[in-house]
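# Breakdown of the fold
Here's the letter readout for the chains.
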Amino acid sequence: MRIPVLVINFKTYRTSYGQSGLSIAKSAEKVALETGLNIVIAPPLLETSFIVKNVGIDVYAQHAEPLYYGAYTGHTPIEALRDIGVRGVIVNHSENQIDLKSIIRISEIARSMGLGVIACSDSTGLAEIIAKHAMPDAIALEPPELIGSGIAVSKARPEIIIEGVKAVKQVSKHMLQNTERVSRDIAVLAGAGISSREDVARAIELGAEGVLVASAIMLSKSPESVIMDFAQSMLKAWDERRGSGVKRA
Ligand code: G3P
């Protein structure tokens, strides 16, 4: 996953569907083109195919099941997502939690298909376990109590980012050195309550390599200006972090 990254989780707000969802997806694409930032969008599953056909940035599924094509009424096989052009999946979001076995299985199948995986975790301990056993492309640290609250994880729970980055990077380094199956670092993202450009900058300063955002964009009256604001803030903080000689965590 190219870092830094802004991941926009559309969730299932009214604005996430139809022309409104498409317009936000197009805004994300426009900002990505103008700023050069990697912006990943995760529309609702029902809209995924429509959005993939209409934008050129990476579209992730909000959830997937560790299934190939077959007789699975009402399920969403990861193989089908791959075939409609999805580039990756979000797994274990707080609003859609799954067991560790499924996280591992989805990550394995996704890897075999060349898809990315962002695995969410509500604690440092779980982040470490997921990193070790599932080796996703990215782990998103999201304290559930701050999701949708407007109170940013980077302000209210900075220790979650600091400790999470440390724990995941240690595992990632170990895996890179000792496991042939792994050829890339695990990125660490932070999410929950991110509402302002300061929240984004602070997350990057604390060691995150990207953020996951939903309500601040999906419920805004001018989503494009919020996306632009967050993108510029992230790039500035990223440049400052690198310029200050702070080694990538
Ligand atoms: O996946 C992103 C998320 O759970 C954070 O939601 O609304 O607090 O940005 P929000």
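Definitions and limits used
- Residues numbered from 1 in each chain as written.
- Predicted model: local features only at pLDDT ≥ 70, side-chain atom pairs only at ≥ 80, totals over all residues.
- Axes fitted to C-alpha atoms, helices over the stretch in contact; angles between N-to-C directions.
- Helix = DSSP H or I, 4+ residues; strand = E, 2+ residues; numbered from the N terminus.
- Parallel < 35°, antiparallel > 145°, perpendicular 65-115°, else oblique.
- Left-handed = near helix turned anticlockwise from the far one by under 90°.
- Contact = placed C-beta atoms within 7 Å.
- Nonpolar A, V, L, I, M, F, W, Y, C, P; charged D, E, K, R; others polar.
- Expected span 1.5 Å × (residues − 1).
- Pairing = 2+ DSSP bridges.
- Near = placed C-beta within 6 Å.
- Buried ≥ 20, exposed ≤ 12 C-beta atoms within 10 Å, placed from the backbone.
- Right-handed = clockwise from strand over helix to strand, strands pointing away.

### Concerning the packing of helix 4 (residues 100-112) against helix 5 (residues 124-134)
- The N-to-C vectors of helix 4 and helix 5 enclose an angle of 45 degrees; their axes lie 9 Å apart at closest approach. With respect to helix 5, the axis of helix 4 lies oblique. Relative to helix 5, helix 4 is oriented so that their crossing is right-handed. Each of Leu100, Ile103, Ile104 and Ser107 in helix 4 lies in contact with helix 5, whose residues at this interface are Ile129, Ile130, His133 and Ala134.
- Among the residues forming the contact of helix 4 with helix 5, the class breakdown is 6 nonpolar, 2 polar and no charged.

### Here's the deal with helix 1 (residues 18-35)
- Its 18 residues give helix 1 an end-to-end C-alpha distance of 26 Å, which sits within 8% of 26 Å, the value for a rise of 1.5 Å per residue.
- The inward-facing, buried residues of helix 1 abut strand 1 (5-9), strand 2 (38-42), helix 2 (48-54), helix 9 (215-218) and helix 10 (223-243).

### Considerations on the sheet that holds strand 1
- One open sheet accounts for 8 strands, arranged 2-1-8-7-6-5-4-3; its pairing is parallel. Of all the strands in the sheet, just strand 2 and strand 3 (60-61) have a single pairing partner and so form its edges.
- Here strand 1 pairs with strand 2 via 5 bridges, running parallel. Across the sheet, Val5 pairs through a bridge with Asn38, a residue of strand 2.
- With respect to the sheet, helix 4 is in contact with strand 4 (88-91) and strand 5 (116-121), its orientation differing from that of strand 4 by roughly 175 degrees.

### Topic: the site of the ligand
- In the vicinity of the ligand, 14 residues are found, and the nearest of them are Asn9, Gly148, Leu212, Ala214 and Ser215.
- Each residue belonging to the shell around the ligand can be placed in one class, and the counts come to 7 nonpolar, 6 polar and 1 charged.

### Focus: the packing of helix 8 (residues 197-205) against helix 10
- Relative orientation of the contacting elements helix 8 and helix 10 amounts to 30 degrees, with a least axis distance of 8 Å. With respect to each other, helix 8 and helix 10 are oriented roughly parallel. Considering only the axes of helix 8 and helix 10, their crossing is right-handed. Where helix 8 approaches helix 10, its residues Arg197, Val200, Ala201, Ile204 and Glu205 are matched on the opposing element by Asp229, Phe230, Ser233, Met234, Lys236, Ala237, Trp238 and Arg241.
- Taken together, the residues of the contact of helix 8 with helix 10 sort by class into 7 nonpolar, 1 polar and 5 charged.

### Observations concerning the pairing of strand 4
- Side chains Gly88 and Ile90 of strand 4 all project onto a buried face; the interleaved residues Val89 and Val91 project onto the opposite face, where all are buried too.
- Two strands pair when backbone bridges link them, and strand 3 and strand 4 are joined in this way by 2 bridges, in the parallel orientation. Across the sheet, the residue bridging to Ala61 is Val89, located in strand 4.
- Following the chain from strand 3 across helix 3 (residues 78-83) to the adjacent parallel strand 4, one finds a crossover that is right-handed.
- Chirality of the crossover, the property in question, places the unit of strand 4, helix 4 and strand 5 among those that are right-handed.

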